[in-house]
Amino acid sequence: MPENGLRTETMVLNFGPSHPATHGIIHLKLELDGETVVGFVEEPTIGYLHRGMEKLAENMTFHQWITMTDRMNYVSAPLNNIGYTLAVEKLLGVEAPKRAQYIRVILSELSRIADHLVCVGINAVDLGAFTPFLWGFQQREMIYDIFEKYIGARLTTTISRIGEMRYDFDKDIIYMIKCVLDELEPVIAEWDQLLTRNRIWIDRTRDVGVISKEDALDWGFTGPCLRAAGVPWDLRIEEPYLVYNELDFDIPVGTQGDVYDRYLVRVEEIRQSMKIVRQALEKMPEGPIRIEDSTVVLPKHEEIYNKMESMIADFKFVMHGIRAPEGEVYGRTEAANGELGFYIVHKGGRSPYKIHVRPPCFYLYSAFEKLIKGRMIADVISVMGSLNIIAGELDR
Amino acid sequence: MSGEHKTEQEPREPKPPAIAAELVEKFGAADEGFFRGDATVRVPGDKLISVFAYLKRERKPAFAMLVDVTAIDLLGLREPRFDVVYHFLNILSRERICIKVAVAEGKQIPSATAFWNSANWAERECYDMYGIEFRGHPYMKRLLMWEGFDGWPLRKDFPLKGKVPPDEKYALNDVSRLRRL
C-alpha cells in the first residue's frame, strides 16, 4: 500500500475476441499493472474458428480433404495443399515426376513470399506504418493473380493433387512469375529503407518478445521464429523434400530472437525464395507432370469426357477414393510459419482412419504469455503480429 | 540433366534412427517398425516418465523438441482403447522418433509438460478431443471446444453431425424455431 493510503490494484483487460490486431478471433485476458502486462488472468481462449477438420477427414476421401487444407493457413494455401499431398504420397510410397516437383517448389516459394509479405506488412500496420503494407499487398495480389491464372482460385487454391499437378506451366505463367520477381525486388529494397533503420520501428521491435534458443526449442517453435532465435533449422535443407536439394539457397538466422529479428529473417527469406524461384524456373525439366498410375491419379479431363473407361475410373475415384496401404506416416514440410505436419493413420477403406495436423502457429502462440510477460501493453500487438498467428490454422 | 555435383549425397537409403534401438534396449519398448522413413516404438505406460527423462536429460544429444502430441481412438479394434502418439525431434543428430503409449478409457497418463513446454497445449488439445487426462498437467482444460461441451469430438463414437444439446434453448441448429420467430 502506498504512503498516502490509496489502494492500488491490477486491472483486467479483455483483448479480443474480435480485435483488429488479433488477426482472427482470439481472446486474451490480460492482467495489467498500469501499462505493464503482469500476466494472463487465465490461459487465452482459442477455438472460435474450430471447424472439426480432423473429424471431417475421417469421413472424406484423401482427395476431398485437399480442399480442407486450403482453409487452414488461408494466407498461404498452396503450402498446405502441397504439404498434405506430399504426406499422402509418402503413405502411398509414390513420388510425383520431376517437372511436377519443380512446379510445386515454385508455387510453394511464391506463396511463402505472399505469406511473409502479409505477415511483415500487417505487423507494420499494427505498429502504425501503413506504407510497407500497401507496398507488400500489391505484390501479394500479383502472386495471387498467378495462382488464379494457374488453377482458377486465389485463396482456396487446392493447387496440388496426389501424385500429380493438374496443369502445366505455360509461357504466360512463367512470364507472370518473372514479372512479379522483377517488381518484387525494388519493393523489398524499399521495405528495407522504410523499416530496417527506422527509429520508431526499431524502438517498437528491438528486444521485444525475446526468446532464447533453448526456450524456442522447448516451446516447439519452428520456422522463421525459431531461426530468428538463432537455430539454423529449416526442413528444406535438413530433411529435403521435393527438389530443394538441387537448388542453392541460404537460410537466414537471427541472433536475438526478438520481433526485429523475426522481421529481418522474413525479409531475407523473401529474397531467398525469389532466388529459389528463379533457379527452379531455369532448371525445370520438360516431361510429364503426373505419374502414370491410374490407381493413384485422377484421369485427365479430356479423357473423362471422351472415354468411357476414364469416366468410370473418375467416378470410382470420387466415390471410393484411392486405395492406400495401411500404415502411419508423419509427413512434414516447411510452411511459411514453420513445420507443418500431417500425421495420417490409414487402416484401409475409403477414408483415412485419422489425420492430425501439426500447425506451426499453435505452438508459437502457446508461448505467447512467456513472450509478453512484464512488457508494455503495446508490445502485445507487436509480438502477436510477429508470430503470424493464423486462426484457421490454429483452430482447424 | 544437372547431375554433376550431387553424386556424393545421392545414395541416401533411410536408416532407422539409433534412438529406436536404444529405447528397445533400455526400456523394453516394442519396435513398431520403420515405415516410409519414420520409426515408431511402443513404450509401456509405466516407463513413460523415464523415457521422457531419458530423451530430454540423459541422452546426448538430447531430444530438444516435442513436435506433436495426439491420440488414436481404436474403438472396437483393440483394448485398451487409445494410443497416445508423441513425435520427437532431435535437431542435433537429425533423428525423429514416434512414441506410442496405450491408454485405457478413463485412465490417466503422465504429462510431458515437466520436460517440454510444447506439451502444454498439445496435451490440452488431446484431452479436449479424446478425453484422455494427463496427470501433472498445470491446466487440464478444454482448448478448442468451449468449457461445458458435452462429449469428446474425435472419439469414434461421437457422431459426425454433433450431438443435440440437451437444452433445446441453446439448439443453434434448430432452423424451424428460428422461422417461427
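Above this text is the structure in question.
Only a predicted model underlies this, so the values are computations on that prediction, with no experimental measurement involved. Within each chain, residues carry numbers counting from 1 in the order of the written sequence. In the order they appear in the text, chains get letters beginning with A and ligands get numbers beginning with 1. This being a predicted model, a pLDDT of at least 70 is required before a residue's local features are given, and a value of 80 or more before pairs of side-chain atoms are given or counted; all residues contribute to the totals for chains, interfaces and linings. Values shown for side chains rest on all heavy atoms present in the structure; no hydrogens or waters enter the calculation.

Re the nonpolar core
The criterion, for reference: Take the buried Ala, Val, Leu, Ile, Met, Phe, Trp, Tyr and Cys residues and link them wherever side-chain atoms come within 4.5 Å; each set so joined is a nonpolar core. Partly exposed residues are those whose accessible area sits between 20% and 50% of the maximum for their type, while under 20% is buried and over 50% is exposed, using a 1.4 Å probe and protein chains only. Counting from the N terminus, the helices are DSSP H or I runs at least four residues long and the strands are E runs at least two residues long. In what follows, residue pairs with any heavy atoms lying within 4.5 Å of each other are defined as contacts.
Judged by nonpolar contacts, the single largest core of 151 residues is most densely connected at A:Phe221, B:Tyr86 and B:Ile99. Looking at this core, the element that brings in the most residues is helix H4 (residues 98-126) of chain A, giving twelve residues. When residues no more than four places from it in sequence are discounted, the contact partners of B:Ile99 are B:Leu23, B:Val41, B:Val43, B:Val51, B:Leu55, B:Val84, B:Val85, B:Tyr86 and B:Phe88. Of all hydrophobic cores here, the second largest spans 28 residues; its members include A:Ile66, A:Ala324, A:Phe342 and A:Ile355.

Side note on the interface of chain A and chain B
It is common to give the size of an interface as the accessible area that goes away when the parts come together. Here is the rule: Note: buried area is the sum, over both parts, of the accessible area (probe 1.4 Å) each one loses when the two are combined. A pair is scored as a salt bridge if a Lys or Arg side-chain nitrogen falls within 4 Å of a carboxyl oxygen belonging to Asp or Glu.
On the side of chain B, 49 residues touch chain A, which itself brings 52 residues to the contact. Buried surface at the junction of chain A and chain B, summed over both partners, amounts to about 4,400 Å²; 56% is from carbon and sulfur atoms. Taken as a group, A:Lys55, A:Asp218 and A:Tyr353 account for 15% of the area that chain A buries against chain B, more than any other trio of residues on that side. Summed over the shared surface of chain A and chain B, the result is ten salt bridges.

Some details on the sheet that holds strand S1 (residues 11-15) of chain A
Pairing between the strands of a sheet comes from backbone hydrogen bonds, and it takes one of two forms, parallel or antiparallel. Residues and elements named next belong to chain A. Keep this limit in mind: In this scheme, strands are said to pair when DSSP sees at least two bridges between them. The axes are straight lines fitted to the C-alpha atoms, using for helices just the contacting stretch, and the angles between their N-to-C directions are given from 0 to 180°.
Sheet architecture is open: three strands sit in the order S1-S2-S3, paired in antiparallel fashion. Because the sheet does not close on itself, it has two edges, and the strands there are S1 and strand S3 (36-40). Going across the sheet, the axis of each strand differs from the next one's by a mean of 40°, ignoring polarity. Bridge analysis of strand S2 (residues 28-33) against S3 gives four bridges, and the strand direction is antiparallel. Following the sheet pairing, Asp33 is matched in S3 by Thr36.

Some words on the packing of aromatic side chains
Note the following rule: A pair of aromatic rings is counted whenever rings of Phe, Tyr or Trp (Trp by its six-membered ring) have centres within 6.5 Å, and the orientation is called stacked for planes under 30 degrees apart, edge-to-face for over 60 and tilted otherwise.
All chains considered together, the criterion is met by 29 aromatic pairs over all chains. Between A:Phe40 and A:Phe368, the ring centres sit 6.3 Å apart and the planes meet at 45°, which makes this aromatic pair tilted. Residue A:Phe40 is found in strand S3, and its partner A:Phe368 is found in helix H15 (residues 368-372); the two are separated by 328 residues along the sequence. Relative accessible area serves as the criterion here: at 10%, A:Phe40 is assigned to the buried category. Since its relative accessible area comes to 0%, A:Phe368 is described here as buried. A ring pair is formed by A:Tyr241 and A:Tyr244, whose centres lie 5.2 Å apart and whose planes are at 75°; its orientation type is edge-to-face. A relative accessible area of 1% places A:Tyr244 in the buried class. Here the aromatic cluster, defined as three or more aromatic residues joined through ring pairs, consists of A:Phe40, A:Phe362, A:Tyr363, A:Tyr365, A:Phe368 and B:Trp121.

Focus on the pattern of salt bridges
The tally for this structure, following the rule as stated, stands at 51 salt bridges over all chains. Of the charged contacts, one joins B:Glu95 and B:Arg59 as a salt bridge, the two residues approaching to 3.2 Å between their closest N and O atoms. With a gap of 36 residues between them, B:Glu95 in strand S5 (residues 95-103) and B:Arg59 in the loop between helix H2 (48-58) and strand S3 (65-73) connect regions that are remote in the sequence. Neither B:Glu95 nor B:Arg59 differs from the other in exposure class; each is buried. It is possible to trace a salt-bridge network through shared partners that takes in A:Glu109, A:Arg112, A:Arg227, A:Asp234, A:Arg236, A:Glu269 and A:Glu334.

Here we look at unusual backbone geometry
Following B:Lys60, the chain continues into B:Pro61 via a peptide bond in cis, with omega recorded as -10°. In this chain, B:Glu79 is followed by B:Pro80 through a cis amide linkage whose omega measures -10°. Within the element layout of this structure, B:Pro80 appears in the loop between S3 and strand S4 (82-90). Positive phi, normally seen in glycine, also occurs at A:Asn388, with a value near 60°. For A:Asn388, the location among the structural elements is in the loop between helix H16 (377-387) and helix H17 (391-395). By relative accessible area, which is 8% here, A:Asn388 ends up buried.

Re the sheet that holds strand S8 (residues 354-358) of chain A
Residues and elements named next belong to chain A. Taken together, three strands build an open sheet; the order of strands is S6-S7-S8 and the sheet is antiparallel. Strand pairing shows two members of the sheet lacking a second neighbour, strand S6 (327-334) and S8, which therefore form its edges. Here the average twist between neighbouring strands, direction ignored, is 10°. Looking at chain direction, strand S7 (residues 339-346) and S8 are connected through five bridges and run antiparallel. Counterpart to Val345 in the pairing with S8 is Lys354.

Observations concerning the side chain of A:Thr222
Checked against the element boundaries, A:Thr222 lands in the loop between helix H8 (213-218) and helix H9 (224-228). The buried category is assigned to A:Thr222, whose relative accessible area is 1%. Leaving out residues up to four positions away in the same chain, A:Thr222 has contacts with A:Asn337, A:Gly338, A:Glu339, A:Arg358, A:Pro360, A:Leu364 and B:Met65.

A look at helix H13 (residues 308-320) of chain A
One turn of an α-helix holds 3.6 residues; hence residues three or four places apart share an orientation. What counts here: To estimate how far a helix should extend, the number of its residues minus one is multiplied by 1.5 Å.
If you check H13(A), its first and last C-alpha atoms are 18 Å apart, about what 13 residues at 1.5 Å a residue would give, namely 18 Å. Backbone geometry just downstream of H13(A) places A:Gly321 in the positive-phi region, at approximately 75°.

A look at the pairing of S7(A)
Summarising burial for S7(A): eight of the eight residues are buried, a large majority. Judged by which residues are buried, S7(A) turns out to be covered on both faces: A:Glu339, A:Gly341, A:Tyr343 and A:Val345 on one side and A:Leu340, A:Phe342, A:Ile344 and A:His346 on the other are all buried.

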